[in-house]
Amino acid sequence: MPDALRRPTSRRPHLRRPALLAAACALSLAGGLTQVAPSGAAEPPAPLDAGVSDFFAPRLLTVDVVGPTEKQRLLDLGLDMTEHAGHDYVEVVIHSAAELRTLVENKFTYDVRIPDLIARDLEVKALDAAYAARVARSPLPSGRTGYRFAKDYNRDMRLLAKKHKKVVRRFKLPRPTLDGRDVYGVEIGKGVRKPNTGQPTFLLMGVHHAREWPSGELAMELAIDLATSYGKDKRITKLLKKARVIVVPVVNEDGFNLSRTDGEYVDLRDLNDYDPLDGTGSVLATPGRAYMRKNCRIVDGQDTPDATCKALLATPGGFGHGVDLNRNYGGFWGGPGASDLIAEPTYRGAEAFSEPETQNIRDLVRTRNVTMLISNHTFSNLVLRPNGVNPTTIGSDGLPVGDSPDEKGLKKLGAKMTAANGYANIHGWQLYDTTGTTEDYSYNATGGYGYTFEIGPNEFHPPYEEVVDEYVGAGKYAGKGNREAYLVALEHASDPRFSGTLKGKAPRGATLRLAKTFDSPTWESSFEDFVDTSITVPKSGRFSWLVNPSTRPVVAPKTYSVPKKTPFKSQVDEEPVAPPLGSTDVEFVLPKKADLLDIDLDWATPDDLDLEVYRQVGDKLVEVGSSGNAPGEKEKVTLVDASQGTYVLRVVNYASAAPTFTLTTEAFESVTRTTKGGVERYTLTCEQNGTVKAKKKVLIDRGQVKKLNLRKACR
């Protein structure tokens with residue numbers, strides 16, 4: 001198992017039923033912030049002064065889950081799941097006592113990782129101040145020692161473009177945010193202020209999710225690194241002659257601004273007579289704003305007056321309002337892992353690309369020939385590749401989604417990047433299913449490779465010294481880190497083995513345009529989509545243009561596996577139900593590896609049995625699956641690629657009066673099938689002074705070179 005998918009090593013004892021709800025109430029503002037007491041040692045909160053309500057500090061929990069069914073059940077609760085997860089756990093931010101109660105009532109157990117995120121933020125703030133005093137200047141290209149605010153990003157981009165005019169161009173994206181904030185980016189490359197003559201684009205983004213501050217820091221540092229290294233570093237100079245880099249460090253300007261400013265804390269002791277706790281309190285906080293996830297959408301389809309987001313967005317963590325921008329992109333929008341309820345953290349929006357922030361990125365992907373894309377996030381030390389849903393998931397066409405057609409290439413490049421930063425190289429669905437993500441859209445609409453980086457091992461915005469290490473590398477990765485991973489990505493962007501190449505002759509100054517219209521699939525429908533990229537023929541009259549393949553991955557032949565209709569081994573067991581809170585074990589021997597192992601538990605009464613599945617490993621039982629649905633729902637565990645051996649199927653009487661239960665266990669082999677797929681062509685036009693002089697259909701694949709002579713036709 002990759003290290004990033006392992007449980008955190010510093011784990012506290014489980015807060016289990018029934019001690020858990022008492023611990024949930026052990027926080028108050030009296031005498032300053034307190035932390036959750038260890039299990040079994042919870043004490044009632046101290047009485048508060050009149051007019052001061054109980055205070056619940058947001059916290060980070062490691063919730064126990066086994067397998068995709070349990071993860072989906074947790075996701076369905078609408079809790080704030082992070083991207084830190086493994087085969088038997090998911091980390092969750094809990095913003096209120098009600099959310100904690102929901103977790104308990106649905107029979108999830110957990111460990112407390114960070115008992116008080118507000119107290120942790122104050123600790124991080126102190127650590128950052130100490131780091132700045134100790135080093136004065138960090139090893140980052142900028143030398144920064146602390147997190148930027150929104151104004152810092154905009155100032156840095158403005159100054160970078162002013163100081164490095166030959167290689168940096170600052171630009172404003174076309175759509176302001178819902179709260180009226182402009183979104184900026186920088187484009188970097190040789191001759192960047194002149195028309196593109198065939199260079200492909202590497203697009204790097206940060207801060208789709210407001211609380212993920214390091215994601216913007218690393219994007220901005222790469223921009224500074226490239227600009228200041230051009231002409232000095234041979235590798236970077238060579239790369240920037242062949243490709244352009246677009247950096248949008250903060251996609252979610254509204255959410256980030258609130259997270260950085262409205263998530264700050266005030267020491268009440270500085271207010272003297274104005275302290276409502278009469279000097280006994282130490283911190284007044286706006287809990288949850290620092291951990292806001294979404295954008296500032298208040299009502300679907302309606303904008304609100306500028307600068308009203310802060311006033312209206314009053315719920316913890318921004319829940320109750322906002323769209324999760326990384327569920328709002330068009331790729332399979334509306335499918336698993338995205339909610340249709342605005343109050344939930346993964347709310348996908350009213351429709352694909354309903355939000356101005358995602359429309360800004362969509363238009364870059366459509367028009368800039370993006371051959372490589374990375375969307376930075378935090379946290380988990382992961383490099384995630386398309387697709388976001390498990391290949392066995394049944395799509396809207398009635399067939400399993402399958403792996404992406406470029407799975408081998410995507411995995412190989414992921415391994416090259418993770419060799420530099422030490423992250424795990426995995427599919428997005430190996431955490432849990434997601435749809436409507438950035439790279440799922442960009443890859444399936446254009447064929448350009450796309451990834452999500454989950455930066456850092458432990459928290460959304462850790463001490464800044466850790467951000468520095470993530471960029472420059474630390475330990476065995478010192479001198480590499482994400483800086484090297486990004487440069488590997490930039491090398492890929494201009495590698496002709498992964499792109500088609502159109503080479504030839506045309507009148508100098510002519511515009512060559514590649515365009516294509518098509519329907520991009522959502523989970524249950526589709527929307528009209530297009531790509532339209534262009535270059536200007538250089539003075540030599542010769543062009544060499546790296547382009548994405550003309551056939552989109554989403555319509556290419558698809559390979560998938562389905563179980564055979566008949567199991568190669570089946571077993572039906574009917575046993576008496578154990579007394580309440582007792583259990584009954586049933587043994588099942590699997591004679592060979594099974595592509596799919598299904599275990600179904602049924603009983604007569606509408607109450608509650610649970611199912612746990614273990615595999616015998618030596619003299620130990622290792623849990624490999626479980627199902628603990630609400631009362632009245634039957635239990636099912638499905639294991640993929642189940643190993644040969646002995647399994648113990650444990651039926652737990654959580655609260656059932658049934659006399660007997662029935663276990664049906666079936667082991668299947670699978671068969672591989674491949675769809676026919678389709679073929680798509682670009683329309684290539686050659687234009688002079690805005691008039692189309694020549695038009696041609698172009699079919700091109702990865703690694704192919706097409707030679708064209710357009711001199712006569714384009715006159």
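Residues numbered from 1 in each chain as written. Predicted model: local features only at pLDDT ≥ 70, side-chain atom pairs only at ≥ 80, totals over all residues. Heavy atoms only, no water.

### Remarks on a positive patch on the surface
Logical step 1: Taken together, the side chains of Lys190, Lys194, Lys241, Arg508 and Lys539 define a basic patch exposed on the protein surface.
Logical step 2: By the secondary structure assignment, Lys539 is in the loop between strand 17 (526–536) and strand 18 (542–547).
Logical step 3: Classification of Lys539 by relative accessible area gives exposed; the value is 74%. (Patch = residues over 30% accessible without salt bridge, like charges linked within 9 Å, V, L, I, M, F, W, Y side chains within 5 Å. Areas by Shrake-Rupley, 256 points an atom, 1.4 Å probe, with all protein chains shown as cover. Salt bridge = Lys/Arg side-chain N within 4 Å of Asp/Glu carboxyl O. Lys, Arg positive; Asp, Glu negative; His and termini not counted. Charge placed at Lys NZ, Arg CZ, Asp CG, Glu CD. Helix = DSSP H or I, 4+ residues; strand = E, 2+ residues; numbered from the N terminus. Buried < 20%, exposed > 50% of the residue type's maximum accessible area, 1.4 Å probe, protein only.)

### Focus: the sheet that holds strand 27 (residues 660–668)
Logical step 1: In spatial order, the strands read 20-27-22-25; together these four strands make up an open sheet with antiparallel pairing. A single partner strand is all that each edge strand has here, and the edge strands are strand 20 (569–576) and strand 25 (635–642). For this sheet, the mean angle separating the axes of adjacent strands, direction not counted, is 10°.
Logical step 2: In this sheet, strand 25 lies alongside strand 22 (residues 594–603) in antiparallel orientation, the contact comprising seven bridges. Bridge assignment links Ala594 to a residue of strand 25, and that residue is Ala642. (Pairing = 2+ DSSP bridges. Axes fitted to C-alpha atoms, helices over the stretch in contact; angles between N-to-C directions.)

### Regarding the packing of helix 7 (residues 234–242) against helix 14 (residues 481–493)
Logical step 1: One can describe the packing of helix 7 onto helix 14 by two numbers: an axis separation of 10 Å at closest approach and a directional angle of 35°. Helix-helix and strand crossings are classified by hand; for helix 7 and helix 14 the assignment is left-handed. For the pair helix 7 and helix 14, contact is made by Arg235, Ile236, Leu239 and Leu240 and by Arg483, Glu484, Leu487, Val488, Leu490 and Glu491, respectively.
Logical step 2: A per-class count over the contact of helix 7 with helix 14 returns six nonpolar, no polar and four charged. (Left-handed = near helix turned anticlockwise from the far one by under 90°. Contact = heavy atoms within 4.5 Å. Nonpolar A, V, L, I, M, F, W, Y, C, P; charged D, E, K, R; others polar.)

### Remarks on the pairing of strand 13 (residues 424–427)
Logical step 1: Summarising the sheet, strand 12 (residues 382–385) and strand 13 pair through four bridges and their orientation is parallel. Its bridge partner lying in strand 13, Arg385 is registered against His427.
Logical step 2: Crossover handedness for the path strand 12 to helix 11 (residues 407–421) to strand 13: right-handed. (Right-handed = clockwise from strand over helix to strand, strands pointing away.)

### A closer look at the nonpolar core
Nonpolar side chains in soluble globular proteins tend to be buried together.
Logical step 1: Within the largest apolar cluster, 57 residues are counted, with the highest numbers of intra-cluster contacts made by Phe202, Met372 and Met417.
Logical step 2: Per element, the largest residue contribution to this core is nine residues, and it comes from helix 6 (residues 213–229).
Logical step 3: Residue contacts for Phe202: discarding those within four places in its chain leaves Leu222, Arg244, Val245, Ile246, Met372, Leu373, Ile374, Tyr486, Ala489, Leu490 and Ala493.
Logical step 4: Core analysis: the next-biggest nonpolar cluster, separate from the first, contains 42 residues, Leu502, Ala510, Leu512 and Leu710 among them. (Core = buried A, V, L, I, M, F, W, Y, C linked by side-chain atoms within 4.5 Å.)

### A word on the sheet that holds strand 23 (residues 608–617)
Logical step 1: Strand order in the open sheet formed by four strands is 21-26-23-24, and the pairing between neighbours is antiparallel. Strand pairing shows two members of the sheet lacking a second neighbour, strand 21 (583–590) and strand 24 (620–627), which therefore form its edges. If you compare each strand with its neighbour and ignore which way they point, the axes differ by 25° on average.
Logical step 2: As defined by bridge partners, strand 23 adjoins strand 24 across seven bridges and the pair is classed as antiparallel. Following the sheet pairing, Leu611 is matched in strand 24 by Ser627.

### Let's talk about the side chain of Ser656
Logical step 1: Residue placement: Ser656 occurs in the loop between strand 26 (645–655) and strand 27.
Logical step 2: Taking relative accessible area as the criterion, Ser656 reaches 12% and is therefore assigned buried.
Logical step 3: For Ser656, the side chain forms a polar contact with the side chain of Asp607, separated by 2.8 Å.
Logical step 4: In contact with Ser656, not counting residues within four places along its chain, are Trp603, Thr605, Asp607, Asp608 and Leu609. (Polar contact = N/O pair within 3.5 Å; in protein donor to acceptor, adjacent residues only side chain to side chain.)

### So, the side chain of His95
Logical step 1: Note that His95 resides in the loop between strand 3 (89–94) and helix 3 (97–105).
Logical step 2: Looking at His95, the relative accessible area reads 5%, which means it is buried.
Logical step 3: At a separation of 2.9 Å, a polar atom in the side chain of His95 contacts the side chain of Asp80.

### Notes on the pattern of salt bridges
Any two side chains of opposite charge can pair if their charged atoms end up close together.
Logical step 1: This model, assessed by the stated rule, comprises 41 salt bridges.
Logical step 2: Where Arg297 meets Glu355, a salt bridge forms, and the shortest distance between an N and an O atom there is 3.0 Å. In this pair, Arg297 sits in the loop between strand 10 (283–284) and helix 9 (309–312) while Glu355 sits in the loop between helix 9 and helix 10 (356–367), placing the two residues 58 residues apart along the sequence. The two residues Arg297 and Glu355 agree in class, both being buried.
Logical step 3: Connected through salt bridges with shared partners, the residues Arg148, Asp152, Arg155, Asp156, Glu217 and Glu221 form a single ionic network.

### Looking at unusual backbone geometry
Logical step 1: Residue Thr378 is joined to Phe379 through a cis peptide bond whose omega torsion reads 5°.
Logical step 2: Tracing the backbone through its elements, the reader meets Phe379 in the loop between strand 11 (370–377) and strand 12.
Logical step 3: Of the consecutive residues Pro386 and Asn387, the connecting peptide bond is found in the cis state with omega at 0°.
Logical step 4: You will see that Leu581, though not glycine, has its phi angle at about 70°, which is positive.
Logical step 5: Its location among the elements puts Leu581 in the loop between strand 20 and strand 21.

### Digging into helix 8 (residues 253–261)
Logical step 1: Of all nine residues that make up helix 8, seven are buried, and the element is covered over most of its length.
Logical step 2: All of the buried residues in helix 8 are Glu253, Asp254, Gly255, Phe256, Leu258, Ser259 and Arg260.

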